[in-house]
Amino acid sequence: MRHVPRLPWWLRLPLRFVALLGAVSIITFVLVGLSPIDPVQANVGQAAYLAMSAQKRAALAEYWGAGRPVLERFGSWLAGALRGDFGYSLRFNAPVVTVVGERLASSGALLAVAWLLSGALGFALGLVAGARRGTAVDRVIKAVCYALTATPAFWLGLLFLMVFAVGLGWFPIGFAAPIGMAARDVDALSRLHHLVLPAIVLSLTGIAPVALHTREKCIDALQSDYMRFAASRGEGEGSALFRHGLRNIALPAITLHLASIGELFGGSILVEQVFSYPGLGQAAVTAGLGGDAPLLVGIALASAMLVFAANALADGLALLLDPRMRKEVRHA
Amino acid sequence: MPDPDTAVCDRTVIYHRPRRACTGSRRRLLLAGLCVSAVLLLAVGAAGALCGDAAVTVDFLHKSQAPSLAHPFGTDWMGRDMLARTCAGLGVSLGLGLVSALVSSVIAFILAALAAVGGPAVDAAVEWLIDVVMSAPHIVLLILVSYALGRGALGVLVGISLTHWPSLARVLRAEMMQVRAEPFLACSRALGTGRMRLVLNHVVPAVLPQYIVGLALMFPHAILHEASITFLGFGLSPEQPAIGVILSEAMSYLSSGSWWLAVFPGAALVIVVLLFDGMGACLRSLASGAEVQR
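Calculation notes
Residue numbers run consecutively from 1 along every chain, following the written order of its sequence. Note on labels: chains are lettered from A, ligands numbered from 1, in written order. Under the rules for a predicted model, residues below a pLDDT of 70 receive no local features and side-chain atom pairs below 80 are neither given nor counted, while totals for whole chains, interfaces and linings still include all residues. For helices the rule is a DSSP run of H or I covering at least 4 residues; for strands it is a run of E covering at least 2, with both sets numbered from the N terminus onward. Whether two residues are in contact depends on their C-beta atoms, placed from the backbone: they are in contact if these lie within 7 Å. With C-beta atoms placed from the backbone, a residue is buried if 20 or more other C-beta atoms are within 10 Å of its own, exposed if 12 or fewer are, and partly exposed between those counts. Basically, the charged four are Asp, Glu, Lys and Arg, the nonpolar ten are Ala, Val, Leu, Ile, Met, Phe, Trp, Tyr, Cys and Pro, and anything else, Gly included, counts as polar. An automatic or database domain assignment supplies the residue ranges for each domain. By definition, a nonpolar core groups buried Ala, Val, Leu, Ile, Met, Phe, Trp, Tyr and Cys residues that connect through C-beta atoms lying within 7 Å of each other. Fitting a line to C-alpha atoms yields each axis, with helices limited to the stretch in contact; the angle taken between N-to-C directions then spans 0 to 180 degrees. Here the angle decides the label: under 35 degrees means roughly parallel, over 145 means roughly antiparallel, 65 to 115 means roughly perpendicular, and every other value means oblique. An expected span of 1.5 Å times one less than the residue number is assigned to each helix. The bend at a residue is defined as the angle formed between two axes, one fitted to the seven residues ending at that residue and one fitted to the seven starting there.

### Some words on the overall build of chain B
- Secondary structure assignment for chain B yields 12 helices and 0 strands.
- Helices and strands appear in chain B in the N-to-C order α-α-α-α-α-α-α-α-α-α-α-α.
- Of all intrachain contacts in chain B linking residues separated by at least 6 positions in sequence, the fraction that spans at least 24 positions is 68%.

So this is what it looks like as structure tokens:
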């Protein structure tokens, strides 16, 4: 389709962003509108619901927006969203933007640590496995990676809780702060102490794709012409790999790792549930189980934005670091 | 640092007589691996079907027992045998995972075929749809779909079917585009073959290996996501002994030291997923000729 004039990327990117957010919000609203779950019943509990007067039920139903048609709800939500008002979370009794912002800040620490840790570890393991291809080290690393991809994040979390929190008592069993302490009294060290186990579990689940990808790229690099040339100049393999191979191997690995942020976010939902860590993932579960439609939509949008931003960043980084890509874009 | 001689040997083909008269053929090995994992998985499924009653039999005389000969996986706080519960749970997970992966692969195939046959506009639309579905994490979409369908097994089934097709659709689309450019297709078209026949006779057989491999590689994902969403409380009801339900119940008994409640069912799930992974890898190697001859 070369003959179709393509928009420049700085115009294409925001257009794609708007189209994506529009699609995600429509899909989530349709799904939420389909739900047969009565939010009033889901939240007040069976006994309280039966004991309640009809008036009270009607008032609560209005509060939760039950019974209003989807299109009407979507219309008023969209009108608000365009002004930056994404509705009111019924479960947390606060504006969706506030809840998502607060929770994202808490999840952000977890996600950032896990992302960096899994990236660094996965890249290092992949390099070692690729450079020592076919040896026992390579086989062990590969086996560990396959085992990690087959392990559900929540089970790994349960195991870590059992060993390090219950068994050895090194780390707290859950939450982001000691129980019964006001949020402002918690010091940074205690926060870090609560973050360690969930962050380790989450990063372990993210290692395998990077490591296996880096291994492949490393093997490719070792067989490349530029490495042969370096060897013929008398450069040792380690030094050649470091000076010439690393940049070529690192770029696709970073792109892949940025693209895997969505999966990492998905993993954080499970890990936060296991460790009772008050992040966005836990809020998603609460919203889903409690029928908090505005918050669910907000979280779906937030996660889509996160994934989009990560992918855009990956594209931008590739342009920045790889001169060949720059040329391609200029000529396209 | 490998020694330069062996590095050269790695890359060059050395012709010599096999040391043994009957060297193992890689193809045979792969087929054997495939069969063994398939049989093991079938056995797990059968055990799950047989353990249905034992999994819910309550026995308060033997509650919260550590693993023993009578109860290899221990018993829970209601005296239910964890081995039976694990088998039954794996059976449920296997069934749900298999059906939803199958549905998902059919969606992938149809969309890929539409993209390849329908022209640039349809292609762009399918590509965009793939982007949209891939833009939100699987678990978030699963929570949404499960909420939309009022939870339960159907929610899990539909959720996994609707979320797992994009990567396979992408592979199949690329594969079909490649086939479309083949001379034999142009030849057949010139001979007056209709579009439908063209697809059925030439395109489908050409992409079938990729489809089967993609389907096999989708099983483990589907099963893991089924377990995850059930663990979060969106999937099956607490009475059904699914693996996710068992593990989320086990979470409440962690601090009381009942380690066996979480360790064995989870490990069994990992083994089943690894078996599926192995099956997929064997299939993939069998489908690509170069790997078989290695």
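### Thoughts on the overall build of chain A
- Scanning chain A from N- to C-terminus turns up 15 helices and 2 strands.
- Put simply, chain A has 332 residues, and 39% of those count as buried.
- Nonlocal contacts in chain A, meaning residues at least 24 apart in sequence, comprise 74% of its contacts between residues at least 6 apart.

### Quick word on the interface of chain A and chain B
- Across the boundary between the two partners, chain A contributes 42 residues, which contact 35 residues of chain B.
- Residue assignment for the side of chain A that touches chain B shows that the elements contributing at least two residues are helix 1 (9-34), helix 7 (136-150), helix 8 (153-167), helix 12 (261-275), helix 13 (280-290) and helix 14 (293-321) of chain A.
- Take the side of chain A that touches chain B: its biggest share by element is 8 residues, from helix 12 of chain A.
- Per-class residue counts for the side of chain A that touches chain B are 32 nonpolar, 8 polar and 2 charged.

### A word on the domain arrangement of chain A
Residue and element names in this part refer to chain A.
- As far as domains go, chain A holds domain 1 (9-95) and domain 2 (96-331).
- Counting residues at the interface gives 23 residues for domain 1, matched by 21 residues for domain 2.
- Going through the elements one at a time, helix 1, helix 2 (39-44), strand 1 (88-89) and strand 2 (94-95) are the ones with two or more residues in the side of domain 1 that touches domain 2.
- The greatest single-element share of the side of domain 1 that touches domain 2, amounting to 10 residues, is contributed by helix 1.
- When grouped by side-chain class, the residues that make up the side of domain 1 that touches domain 2 number 17 nonpolar, 5 polar and 1 charged.

### A short note on the nonpolar core
- Judged by nonpolar contacts, the single largest core of 152 residues is most densely connected at A:L296, A:I299, A:A300 and B:L144.
- No other element matches helix 3 (residues 82-117) of chain B, which puts 16 residues into this core.
- Lining this core are residues from two domains, each supplying at least three of them: domain 1 (9-95) and domain 2 (96-331) of chain A.
- Residues contacting A:A300, with those up to four places away along its chain left out, are A:V24, A:T28, B:A136, B:V140 and B:L144.

### Overview of unusual backbone geometry
- Phi is positive for A:S276, close to 50°, though the residue is something other than glycine.
- For A:S276, the location among the structural elements is in the loop between helix 12 and helix 13.

### A short note on the packing of helix 6 (residues 96-131) of chain A against helix 13 of chain A
Residues and elements named next belong to chain A.
- Here helix 6 crosses helix 13 at 135°, and the two axes come no closer than 7 Å. Overall, the two elements helix 6 and helix 13 adopt an arrangement that is oblique. Across the interface between the two elements, V99, V100, R103, L104 and S107 of helix 6 pack against L280, G281 and A283 of helix 13.
- Classifying every residue of the contact of helix 6 with helix 13 by side-chain character gives 5 nonpolar, 2 polar and 1 charged.

### Some points on helix 11 (residues 237-259) of chain A
Residue and element names in this part refer to chain A.
- Taking 1.5 Å as the rise per residue, helix 11 with 23 residues should run 33 Å; its terminal C-alpha atoms sit 30 Å apart, in good agreement.
- Of all the bends in helix 11, the largest measures some 60° and sits at G245.
- Taken as a whole, helix 11 has its buried residues at A240, L241, G245, I249, A253, T255, H257 and L258.

### Some remarks on helix 7 of chain A
- Its 15 residues give helix 7 of chain A an end-to-end C-alpha distance of 21 Å, which sits within 8% of 21 Å, the value for a rise of 1.5 Å per residue.
- Within the span of helix 7 of chain A, buried status applies to A:I141, A:C145, A:L148 and A:A150.

### What about the packing of helix 3 of chain B against helix 4 (residues 120-135) of chain B?
All names here are of chain B.
- The interhelical angle for the contact between helix 3 and helix 4, taken along N-to-C directions, is 145°, at an axis separation of 6 Å. Residues L111, L114 and A115 of helix 3 form the contact with helix 4, whose own contacting residues are V122, D123 and V126.
- Class assignment for the residues of the contact of helix 3 with helix 4 results in 5 nonpolar, no polar and 1 charged.

### Here's the deal with the environment of B:H62
Residue and element names in this part refer to chain B.
- Within the secondary structure layout, H62 lies in the loop between helix 2 (26-50) and helix 3.
- In this structure H62 comes out as partly exposed when scored by C-beta crowding, with 15 C-beta atoms within 10 Å.
- A sequence separation of 32 residues divides H62 from L94, and the C-alpha atoms of the two residues are 29 Å apart.

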